[in-house]
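Chain by chain, the residues run as shown.
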Amino acid sequence: QVQLVESGGGLVQPGGSLRLSCAASGRISAVYTMGWYRQAPGEQRDLVAILFSGGTTNYADSVKGRFTISRDNAKNMVYLQMNILNPEDTAVYYCSADLTTVLGGPTRRYWGQGTQVTVSS
């Protein structure tokens, strides 16, 4: 079984910063793409940032220049540094990992349970 666990969410004032972490654990064989998505109330889940195994990154236009995605391959962890936060960044943030397990089979996307980020004064 595979688990993704996020941490680091919370309440922050506009202009502040937060760092989200996500750890993938379990019977993992290889981890490929890792990413962060967010979902605000009544909205669909949207891509925030994605980091491919080769090092290429993509960001949503709304977070470019403010958010940075990084990963620690040895620990199967992905991070999201969020700076200059504004109320529009309020959402539940989910991490994702495309990976294979020791049981074999195709690459599958796994999701964390989500962590709430609230930006408010």
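Now for a description of the structure that goes with this document. (Residues numbered from 1 in each chain as written. Predicted model: local features only at pLDDT ≥ 70, side-chain atom pairs only at ≥ 80, totals over all residues. Heavy atoms only, no water.)

## Some points on the sheet that holds strand β1 (residues 2-7)
Reading across the sheet, the four strands line up as β1-β3-β8-β7 and stay open at both edges, with antiparallel pairing between neighbours. Across the chains shown, the open sheet's two edge strands, defined by having one partner strand only, are β1 and β7 (67-72). Across the sheet, the mean angle from the axis of one strand to that of its neighbour is 15°, orientation sign disregarded. When β1 meets strand β3 (residues 18-26), the two strands line up antiparallel, connected through six bridges. Residue Gln-3 lies in a different strand from β3, and its bridge partner there is Ser-25. (Pairing = 2+ DSSP bridges. Helix = DSSP H or I, 4+ residues; strand = E, 2+ residues; numbered from the N terminus. Axes fitted to C-alpha atoms, helices over the stretch in contact; angles between N-to-C directions.)

## Considerations on the packing of aromatic side chains
Tallied over the entire structure, the rule returns one aromatic pair. When the ring centre of Tyr-79 is taken as origin, the NZ or CZ atom of Arg-19, which lies over that ring, is 4.1 Å away. Here Arg-45 stacks its cationic end above the ring of Tyr-94, 3.6 Å away from the centre of that ring. (Phe/Tyr/Trp six-rings, centres within 6.5 Å; stacked < 30°, edge-to-face > 60°. Lys NZ or Arg CZ within 6 Å of the ring centre and 35° of its normal.)

## Regarding the pairing of strand β11 (residues 115-119)
Only one face of β11 is buried, namely the one carrying Thr-115, Val-117 and Val-119, since none of Gln-116 and Thr-118 on the opposite face is buried. Of the pairings in the sheet, the one linking strand β2 (residues 10-12) to β11 comprises three bridges and is parallel in character. Residue pairing across strands places Leu-11 opposite Thr-118, the latter belonging to β11. Direction of pairing for strand β9 (residues 91-101) relative to β11: antiparallel, over a ladder of three bridges. Its bridge partner lying in β11, Tyr-93 is registered against Thr-115. (Buried < 20%, exposed > 50% of the residue type's maximum accessible area, 1.4 Å probe, protein only.)

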